[in-house]
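Residues per chain are reported as follows:
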Amino acid sequence: MSIRGLKKKQPKTFKVKIITVDAEMEFSCEMKWKGKDLFDLVCRALGLRETWFFGLQYTMKGMCTWLKMDKKVLDQEIPKEDPISFHFLAKFYPEKVEEELLQEITQHLFFLQVKKQILDEEIYCSPEATVLLASYAVQAKYGDYDPNFHEPGFLAHDELLPKRVLRQYQLTAEMWEEKITAWYAEHRGIARDEAEMNYLKIAQDLEMYGVNYFPIAQNKNHTDLLLGVDAKGIHIYSINNRFSPNKSFEWSAIRNISYSEKELTIKPLDKKAEVFKFFSSQLKVNKLILQLCIGNHDLFMRRRKVDSIEIQQMKAQAREEKARKKMENQRLAREKQLREEAERAKEELERRLFQLEDEARQANEALLRSQEAAELLAEKAQIAEEEAKLLAQNAAEAEQERQRLEITALKTKEEKRLMEQKMREAELIAVKLVKESDRRAKEAEHLKQDLHEAREAERKAKQKLFDITRLNYPHMIKYPHYLPTDTRDANFDKGSIKLDLKDIDLKRLSFEIERERLDYLEKSKKFEDRLKELKSEIHALKLEEKQSGLYSHWNEVLGSLDRSLGNIPSWMKTFETGDSSDINLHRPFPAYSLNPTSSWPCTNKIQHTVPVQKSSFQTNSLIANSVGTGTRKQIVKFQQHDSDVIYI
């Protein structure tokens, strides 16, 4: 046979696209295939054995129609398109999903279809039931809730609630997700098929579940009623109420259903009961109603009969499958529990290991710290020992210093006492010097008076001698050296005795003054040395006791000494307090000392002496001071007139 002959014998096909709730499939169908052939192909592809619940639906001229199983596909009024689209949907609904839905695929397809009808608001559901159904849908899709994996926002792309519910309550997506997740967390341990079954068991109790609605009218011109067909019978609803039927006909109470053109007649089993007649909009609607009624009635009668061998086998297989799945689920749950326990034990062991490692690390660190602390303590002990030795040494030095300070304090007290005593002695000496100066001043006044009297007597004697000479030897006035000696001697015999007496008195006075001067110089030198000694001691005590509070005391003592010395007469000013270290009192009388044999008026007069008023006693001081190492000098002179000066 040639290749060309083989091509001629191949049957002609057309393409068909089957759309399920969650998938799409394409098949090539022969031109002679009937609706049942295509339906069986799809069921085999899906692995579906409970085929009596499903059918192939298509839309023609805005009306949903089911493909007839006993007629060819191409002979039916289907859309002329390539490929031809059919929806594989549940055509009839079970009364009790848990008992009638045996296969998992059947259950899954029902779950998806019912869920879509609820979301599309073809089946009304309360908001509370909607949230619960959404939680079961999430459990079927995601499995057990895991807060570590299912973070907030994981349901953002899932459609779980009808738009009517979302509009009814002004809640955000996060709030709805929180409500759904609260229910979802309670479904832990429920398998996917079990979650879908729980979803269907809740949904089958809804009033609009499994009901196909058709608009009808009791008259030909008005459409004011709805006819509903479901697994339990036929129900008549008002146009605005699809929940509570006005009238119901159970399948067991219906004897016959027939239609004639647009009229549909329902005859009850009770012959006495009234026959219900209504009108539909089209003849096709009556045919569709009759088709659904026949199918639901057949299933109703099948449920109440003994199951066929095929159904019994399927139920047995379903029970075995459920038992196996149950055992498998239990095993998986047990393994999961064991795995979770093992993971928890592992986590606990890891945590414990980490804790032990942390404790070991801390112990090592503590050991290192203790070693470092021990070394540090050893160093500190050594340092403390050295510090103890140093402190002991310092204590000994402090004790010695304390003893020295005590001795110094005792010495200071003793020196203070001695200094006070010396100061008192100095004050006494100063007082004595003041008294002595007063006494010497008085003696100087007396000497001044005596000198004045002596000079006056000398002047009178000279005047008398001059008068005698002028009277007795007038020619010798100009040349007194030509006078004879005996004459001169004779002329002066009278006054010589008186002059000799005066000379003797002057000599005695001169010697007495010289003795007093020497005595005064000696006392002044002693007093000067004593003052120097006191000043050096006071200076040393100032340096040593500068912080002991005695400084002010020494200043007071020196002030009192200054005040005491301030009372010395002007001719004793050489003993004023000051910084001079030398007082020149050793200068004797002038070079022209008193000569008792010579005349009183001295011809060798000092030209630089300062003249004073006649008949007065005046003391002039020439003082040269220098701070620290300077000297102070004072010359005291007594002057009666221009030619007579006595120096002290």
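Residues numbered from 1 in each chain as written. Predicted model: local features only at pLDDT ≥ 70, side-chain atom pairs only at ≥ 80, totals over all residues. Heavy atoms only, no water.

As annotated in an unreviewed UniProt entry, the protein chain carries the name FERM domain-containing protein and comes from Chrysolophus pictus. Listed under Subcellular location (unreviewed entry) in UniProt, the entry text for the protein chain is "Cell membrane". (UniProt positions renumbered as here; feature names shortened; annotations may be inferred.)

Colleague: How would you summarise the overall build of the protein chain if you had to cite specific residues and measurements?
Modeller: A tally of helices and strands in the protein chain yields 13 helices and 16 strands. Residues classed as buried in the protein chain amount to 34% of the 648 residues present. Taking the contacts inside the protein chain whose residues are at least 6 apart along the sequence as the reference set, 61% of them involve residues at least 24 apart. Here the protein chain has roughly 41300 Å² of accessible surface; of this, 54% comes from carbon and sulfur atoms. (Helix = DSSP H or I, 4+ residues; strand = E, 2+ residues; numbered from the N terminus. Buried < 20%, exposed > 50% of the residue type's maximum accessible area, 1.4 Å probe, protein only. Contact = heavy atoms within 4.5 Å. Areas by Shrake-Rupley, 256 points an atom, 1.4 Å probe, with all protein chains shown as cover.)

Colleague: Could you give me a rundown of the packing of helix α5 (residues 127-142) against helix α8 (residues 192-203), with the residues and numbers involved?
Modeller: At a minimum axis separation of 8 Å, α5 and α8 run at an interaxial angle of 160 degrees. When the interaxial angle is binned, α5 and α8 end up roughly antiparallel. The two elements α5 and α8 cross, and the hand of that crossing is left-handed. Residues Leu132, Leu133, Tyr136, Ala137, Gln139 and Ala140 of α5 form the contact with α8, whose own contacting residues are Arg192, Ala195, Glu196, Asn198, Tyr199 and Ile202. (Axes fitted to C-alpha atoms, helices over the stretch in contact; angles between N-to-C directions. Parallel < 35°, antiparallel > 145°, perpendicular 65-115°, else oblique. Left-handed = near helix turned anticlockwise from the far one by under 90°.)

Colleague: Quick one: what's the story with helix α2 (residues 35-46), residue by residue and with numbers?
Modeller: For an α-helix, 3.6 residues make a turn, and residues three or four places apart therefore share a direction. Compared with an ideal rise of 1.5 Å per residue, which puts 12 residues at 16 Å, α2 spans 17 Å between its outermost C-alpha atoms and is within 8% of the ideal. Looking at the residues trailing α2, positive phi occurs at Gly47, about 75 degrees. (Expected span 1.5 Å × (residues − 1).)

Colleague: Got a sec to walk through the side chain of Gln57? Specific residues and values, please.
Modeller: On the secondary structure map, Gln57 appears in strand β3 (residues 54-60). For Gln57, a relative accessible area of 15% translates into the label buried. Not counting residues within four places of it along the chain, the set of residues in contact with Gln57 comprises Cys64, Thr65, Trp66, Phe86, His87 and Leu89.

Colleague: Account for the pairing of strand β10 (residues 254-260), naming residues and giving values.
Modeller: Where β10 and strand β11 (residues 263-268) come together, six bridges link them in antiparallel fashion. Residue pairing for β11: Ile254 is matched across the bridge by Pro268. Remark: two residues form the turn of the hairpin made by β10 and β11, two consecutive strands paired antiparallel; Glu261 in that turn has positive phi of roughly 55 degrees. (Pairing = 2+ DSSP bridges.)

Colleague: So, the sheet that holds β11: which residues are in play, and what are the values?
Modeller: Backbone-to-backbone hydrogen bonds join strands into a sheet, with any given pair of strands oriented parallel or antiparallel. With antiparallel pairing, three strands are arranged side by side in an open sheet as β10-β11-β12. Edge strands, defined here as strands with exactly one partner in the open sheet, are β10 and β12 (276-279). Averaged over all neighbouring strand pairs, the angle between strand axes comes to 15 degrees, with direction disregarded. The sheet contacts of helix α9 (residues 283-303) involve β10, β11 and β12, and relative to β10 the element is tilted by about 160 degrees.

Colleague: Could you give an account of the sheet that holds strand β6 (residues 212-216), with specific residues and numbers?
Modeller: Spatially, the four strands line up as an open sheet ordered β6-β7-β8-β9, and their pairing is antiparallel. Since the sheet does not close on itself, it has two edges, and those belong to β6 and β9 (247-250), each with one partner. Recorded for the sheet is a direction-independent mean angle of 20 degrees between the axes of neighbouring strands. Its contacts with the sheet put α9 on β6, β7 (225-229) and β8 (233-238), and the angle it makes with β6 is roughly 145 degrees.

Colleague: Describe the pattern of salt bridges, and please don't skip the residues or the numbers.
Modeller: All told, the structure shown has 29 salt bridges when counted by the stated rule. With a shortest N-O distance of 3.0 Å, Glu77 and Lys284 are connected by a salt bridge. With Glu77 in the loop between β4 (63-66) and β5 (84-90) and Lys284 in helix α9, the pair connects residues that are 207 residues apart, well separated along the chain. Taking the relative accessible area as the measure of exposure, Glu77 reaches 49% and is therefore partly exposed. Arg192 is the salt-bridge partner of Glu196, the closest N and O atoms lying 3.1 Å from each other. (Salt bridge = Lys/Arg side-chain N within 4 Å of Asp/Glu carboxyl O.)

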